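Chain and residue survey
So the chains spell out like this:
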Amino acid sequence: MSHFDLLLRQCQLLQSSNVCELVDVAIHSGEIVEIAPHLDATAELELEIQARLVSPPFVESHIHLDSALTAGEPRWNQSGTLFEGIEIWRERKQNLSLEDVKQRAIETLKQQAMQGVLFVRSHADVSEASLTALKALLEVREAVKDWITLQVVAFPQDGIYGGAKNDALMEEAMKLGADVVGGIPHYELTREDGVRSVHRIFELAQKYDRLIDIHCDEIDDDQSRFLEVVAACAIRSEMGSRVTASHTTAFGSYNNAYALKLLGFLKRTQLNFIANPLINITLQGRTDTYPKRRGVTRVKELWQQGMNVSLGHDCVQDPWYSLGTGNMLDVASMAIHVCQMTGRDEMNACFDMVTWNGAKTLNLNEYGVEVGKPANLIVLDAIDRYDAIRRRATVQSVISQGKLLAQTEPPKTKWRGS
Ligand code: 17E
Ligand code: FE2
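The sections below set out a description of the structure shown in this document. Source: prediction; values computed, not measured.

Before going further, it helps to examine the overall build of the protein chain. A count of helical and extended segments in the protein chain gives 13 helices and 16 strands. In terms of C-alpha radius of gyration, the protein chain reaches 21 Å, essentially the compact-globule figure of 22 Å for 418 residues. Split into buried and exposed, the 418 residues of the protein chain put 61% on the buried side. Considering only contacts within the protein chain whose residues lie at least 6 apart along the sequence, 76% involve residues at least 24 apart. As presented, the protein chain carries roughly 17,200 Å² of accessible surface, and 48% of it is formed by carbon and sulfur atoms. Charged side chains in the protein chain number 43 positive and 55 negative. The centres of these two groups are separated by 3 Å.

Structurally, Q317 is set in the loop between β13 (308-311) and α10 (328-338). For Q317, a relative accessible area of 32% gives the class partly exposed. Between the C-alpha atom of Q317 and that of K403, which follows or precedes it by 86 residues, the distance is 30 Å. Non-local contacts of Q317, meaning those with residues more than four positions away in its chain, are made with S67, A68, L69, T70, A71, S322, L323 and G324.

The next subject is α10. α10 sits mainly inside the fold: eight of its eleven residues count as buried. Buried residues of α10: M328, L329, V331, A332, S333, A335, I336 and V338, and no others. You can read the cap of α10 off the contacts: a side-chain oxygen lies 2.8 Å from the backbone nitrogen of L329, and it is on N327.

We now examine the pattern of salt bridges. Applying the stated criterion across every chain, the model contains 28 salt bridges. A salt bridge links E142 to K145, with the shortest nitrogen-to-oxygen separation between them at 2.8 Å. On the basis of relative accessible area, K145 is assigned to the partly exposed category, the value being 44%. Put simply, E370 and K373 hold a salt bridge, and the shortest N to O gap is 3.4 Å. A single network of salt bridges, built from pairs that share partners, joins D167, E171, R200, E203 and K207.

Further remarks concern the nonpolar core. Formed by 115 residues in total, the largest nonpolar core has its most connected members in F58, L266, L271 and L380. Judged by nonpolar contacts, the second largest core, of 16 residues, contains L6, I27, V369 and I399.

With that out of the way, let us pick up the pairing of strand β10 (residues 211-216). Most of β10 is tucked away: six of the six residues are buried. Residues L211, D213 and H215 point to one face of β10 and I212, I214 and C216 to the other, with burial holding for every one of them. Pairing of strand β9 (residues 180-183) with β10 involves four bridges; the strand directions are parallel. Bridging from a neighbouring strand, V180 pairs with L211 of β10.

All right, on to the site of ligand 1 then. Near ligand 1 you find H64, L82, F155, Q157, I184, H215, E218, H247, I279, D314, C315 and W320, and these make up its full shell. Within the side chain of E218, an N or O atom sits 2.8 Å from a nitrogen atom of ligand 1. Between ligand 1 and D314, the relevant distance is 2.8 Å, taken from a nitrogen atom to a side-chain nitrogen or oxygen of the residue. Coverage of ligand 1 by the protein amounts to 100% of the 260 Å² it exposes when considered alone. For the shell around ligand 1, a count of residues per class yields six nonpolar, four polar and two charged.

What follows is about the packing of aromatic side chains. Counted according to the given criterion, the structure contains six aromatic pairs. With centroids separated by 5.6 Å and ring planes inclined at 40°, the aromatic side chains of F251 and Y254 adopt a geometry described as tilted. Each of the two residues, F251 as well as Y254, counts as buried. Connected via pairs of aromatic rings, a cluster forms that spans F119, W356 and Y367.

This part covers the side chain of K102. Tracing the chain through its elements places K102 in helix α2 (residues 98-114). Taking relative accessible area as the criterion, K102 reaches 19% and is therefore assigned buried.

Further remarks concern the sheet that holds strand β12 (residues 272-275). Taken in spatial order, the eight strands line up as β6-β7-β8-β9-β10-β11-β12-β13 in an open sheet, and their pairing is parallel. The sheet is open, and its two borders are formed by β6 (58-63) and β13, each paired with just one other strand. Each strand of the sheet is rotated relative to its neighbour by a mean of 20°, with strand direction disregarded. For strand β8 (residues 149-155) and β9, the ladder comprises two bridges, and the chain directions are parallel. Bridging from a neighbouring strand, A154 pairs with V181 of β9.

Time to look at the pairing of β6. The buried fraction of β6 is high, at six of six residues. Across four bridges, the pairing between β6 and strand β7 (residues 117-125) is parallel. Residue pairing for β7: V59 is matched across the bridge by F119.

At a minimum axis separation of 9 Å, α10 and helix α11 (residues 344-352) run at an interaxial angle of 145°. Along this stretch, α10 crosses α11, giving a crossing that reads as right-handed. Residues L329, A332, A335 and I336 of α10 touch α11, and the partners they reach there are M347, C350 and F351. Its residues assigned to classes, the contact of α10 with α11 shows seven nonpolar, no polar and no charged.

So, how was this worked out
- Residue indices begin from 1 for each chain and proceed along its sequence in written order.
- All chains are assigned letters beginning at A, and all ligands numbers beginning at 1, according to the order in which they are written.
- Reporting in this predicted model follows two pLDDT cut-offs: at least 70 for local features of residues, and 80 or more for side-chain atom pairs to be given and counted; totals over whole chains, interfaces and linings ignore these cut-offs and use all residues.
- No hydrogens and no water enter the side-chain calculation; it runs on all heavy atoms of the structure.
- Only runs of H or I of at least four residues qualify as helices and only runs of E of at least two qualify as strands under DSSP, and these elements are numbered from the N terminus.
- We compute the radius of gyration over the C-alpha atoms and compare it with the globule rule, which gives 2.2 Å times the number of residues raised to the power 0.38.
- A 1.4 Å probe rolled over the protein chains alone gives each residue an accessible area, and that area as a share of the maximum for its type sets the label: buried under 20%, exposed over 50%, partly exposed in between.
- Two residues qualify as a contact provided that any one of their heavy atoms is within 4.5 Å of a heavy atom in the partner residue.
- Accessible surface is estimated by sampling points in the Shrake-Rupley manner with a 1.4 Å probe; for residues, cover comes only from the protein chains shown.
- In this tally, Asp and Glu contribute negative charge and Lys and Arg positive charge; neither His nor the terminal groups of the chain are included.
- A charged residue contributes its charge at one atom only: NZ of Lys, CZ of Arg, CG of Asp or CD of Glu.
- Here a polar contact means two N or O atoms within 3.5 Å. Within protein one must be a hydrogen donor candidate and the other an acceptor candidate, and residues neighboring in sequence count only if both atoms are side-chain atoms.
- Criterion for a salt bridge: a side-chain nitrogen of Lys or Arg within 4 Å of a carboxyl oxygen of Asp or Glu.
- Buried Ala, Val, Leu, Ile, Met, Phe, Trp, Tyr and Cys residues form a nonpolar core when they are joined through side-chain atoms within 4.5 Å.
- Strand pairing is assigned whenever DSSP identifies at least 2 bridges connecting the two strands.
- Residue proximity to a molecule or strand is established when one non-hydrogen atom of the residue lies within 4 Å of it.
- Residues are grouped as follows: Ala, Val, Leu, Ile, Met, Phe, Trp, Tyr, Cys and Pro are nonpolar; Asp, Glu, Lys and Arg are charged; all remaining types, including Gly, are polar.
- Geometry of aromatic contacts follows a simple scheme: Phe, Tyr and Trp rings, the Trp one being its six-membered ring, pair when their centres are within 6.5 Å, and the pair is stacked under 30 degrees between planes, edge-to-face over 60, tilted otherwise.
- In this analysis, axes come from line fits to C-alpha atoms, helices being fitted only over the stretch in contact, and the angle between any two N-to-C directions falls in the range 0 to 180 degrees.
- Left-handed describes a crossing in which the near helix is turned anticlockwise from the far one by less than a right angle; the clockwise case is right-handed.

As structure tokens, this is what we get:
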């Protein structure tokens, strides 16, 4: 009889083909080694899953760990706009230290991991001369690598051409080892600078062989049209699958004639999209009276066209959004509401947007609960994806690289009434 490190009995295993089957999962030396309806085996540790949902871990495809847990420092965002958030952060980032950023980032990553997130892409602001945020997150990437995988984006919050030194800082960030080239074309000083910044981002990505993730058109201005520039660069460079357009909230404000044409162009790329519904429903629409726009990109339409869309939290208690918990089921639930994805298949798709689609955005190549892959999985106190989102199901067990990383008891309430 085989003896394994870890044996999970009676898992309702969620696989990418959308089939769910009741199986035992055996883990040994950090890998998934067997999956079968019943394994005649023993293990160092056996967990009775009792037909609960077992899924690959959540993927947080978009967060800013450098600013996490700073809400209220030095002041709260009263207008609720992106731009006041950028100003507050500009003040706060004057006194960053490596220790300050590392401590907040690791605390946030632990919160995330305890809720089943094992893959994270974080932006690090590189428009501050000492590059403290980036250096700190690169150290964190190394410090946490045994339990969570972190990708770091060099993100020029104040624009690549917003200051004389910013472009050089971007290049320095590549040399220091950032995984991804970021950008913010809608916040460059002029439209021309915005276009030029997108070209520069592709140039850096090619020169240093990195992925791309651009904050793109995060504004309600229907004239903010940098997504078409990203699409053009993706078509010509054939880099689309390595490129992500984050936020793209202006897409929600474009007229349908333009949006339809753009969708056709986008379909010629393999671009990834990230929506951040929790924060953009609060940041956007601030200049509207009524009717008031929803500030989220066309998630449903992109998904219907077969494009890869993932969802991010973006913020955990920072100048842009003082709420945030790291729970990816909150993100999926908000997407269902804001994007009106209430059909059964649409709700299931929103679960996939915080798991498989995120993995695709991050270009992860060993994701999924399958024999031969690294043993990363979560056990949800739920029977299926819909149930998990509706009840924000507790992630009961988190298994990272073959080891039990965290366990949480679902809350239990006793009825004391008659
Ligand atoms: N910076 C930015 O430009 N946009 C955001 N949503 C956040 C930071 C959180
Ligand atoms: Fe962001």
